[in-house]
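Now for the letters of each chain:
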Amino acid sequence: MPQPDRLGFGGTVARWLRRLVAGVVLVGVLLVGGTAVRVWQVARIDDHTPSDAIVVLGAAQYDGVPSSVFEARLEQASALFSSGVAPLIVTVGGKQVGDNYTEAASGRNYLMDQGVPGEDIVAVEEGSDTLLSIEAVAAELQSRGLTDITLVSDPWHSLRTRTMARDAGLDAWTSPTRQGPAVFTRESQIHGIARETAALLWYQLTHYSADFQYTASQ
């Protein structure tokens, strides 16, 4: 003989609501945790497959002088160019109000000072965030018939930039810098993974960029 439901209708609803909330929390934890693991995994990839262009994501510059974050990326791009990964380097990034130089121009000047021929560097002086920068690069390269790129940024930025570049129609691979503030300390590494996990989830949900403030020393 079936046992009566001693919880009553209200108790049954409350029980199922608790299960629903627990399920939602569990899915959220798995989603965030899984994304963080992927950010960490892709950060470890250093792909030197030959490509059409090396794309350096911009960062802060001060009156034409790259910040330490940007300098580390440019040094990596220069090394990849010297090793023959690609015959072209693309610097990208606009400027803030009051700046005399764009990130792209300051990056190009820095690379030329390092011995990279000016004719082998394209400065795409657009982009105020990662997504706009990637879209500007995609338009520039596709107009030249180029699609294969090697992305250079901080390790934790790799998965998001690669995802955006592939969404923009580019065949993108990553070779991040292994120096600079983004990798100096355990604290900066944890902060970078957390920041990029949140930014990537936001992009996948909305297809908008969310470039959270970088707190390590510039």
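Right above here is the structure, for reference.
Everything numeric in this text was worked out from a predicted model, so none of it was measured.

Novice: How would you summarise the overall build of the protein if you had to cite specific residues and measurements?
Specialist: Within the protein, the secondary structure is distributed over seven helices and seven strands. In the protein, the order of α-helices and β-strands from amino to carboxyl end is α-β-β-β-α-β-α-β-α-β-α-β-α-α. Per-residue burial for the protein yields a buried fraction of 45% across its 218 residues. Sequence separation of at least 24 residues holds for 70% of the intrachain contacts in the protein that already meet a minimum separation of 6. Carbon and sulfur atoms make up 58% of the accessible area of the protein, which totals about 11,500 Å².

Novice: Quick one: what's the story with the packing of helix 2 (residues 68-82) against helix 3 (residues 103-113), residue by residue and with numbers?
Specialist: The contact between helix 2 and helix 3 brings their axes to 10 Å, and the two run at 50 degrees. Accordingly, the angle class assigned to the pair helix 2 and helix 3 is oblique. Where helix 2 crosses over helix 3, the two elements pack in a sense that is right-handed. Contacts from Phe 70, Glu 71, Leu 74, Glu 75 and Ser 78 in helix 2 reach Glu 103, Ser 106, Gly 107, Tyr 110 and Leu 111 in helix 3.

Novice: Run through the layout of surface pockets, naming residues and quoting values.
Specialist: Quantified by volume, the second largest pocket comes out at close to 160 Å³. Forming the walls of the second largest pocket are Trp 40, Ala 43, Arg 44, Pro 155, Trp 156, Arg 178, Val 183, Arg 186, Gln 189, Ile 190 and Ile 193. For the lining of the second largest pocket, the secondary-structure elements that each account for two or more residues are helix 1 (8-43) and helix 7 (186-206). Of all the elements, helix 7 adds the most residues to the lining of the second largest pocket, at four residues. Its residues assigned to classes, the lining of the second largest pocket comprises seven nonpolar, one polar and three charged.

Calculation rules
- Residues numbered from 1 in each chain as written.
- Predicted model: local features only at pLDDT ≥ 70, side-chain atom pairs only at ≥ 80, totals over all residues.
- Heavy atoms only, no water.
- Helix = DSSP H or I, 4+ residues; strand = E, 2+ residues; numbered from the N terminus.
- Buried < 20%, exposed > 50% of the residue type's maximum accessible area, 1.4 Å probe, protein only.
- Contact = heavy atoms within 4.5 Å.
- Areas by Shrake-Rupley, 256 points an atom, 1.4 Å probe, with all protein chains shown as cover.
- Axes fitted to C-alpha atoms, helices over the stretch in contact; angles between N-to-C directions.
- Parallel < 35°, antiparallel > 145°, perpendicular 65-115°, else oblique.
- Left-handed = near helix turned anticlockwise from the far one by under 90°.
- 1 Å grid on protein atoms, 1.4 Å probe; cavity = no way out; pocket = protein on both sides within 12 Å on 5 of 7 lines; lining within 4 Å.
- Points joined across faces, edges and corners; volume = space filled by probe spheres on them.
- Nonpolar A, V, L, I, M, F, W, Y, C, P; charged D, E, K, R; others polar.

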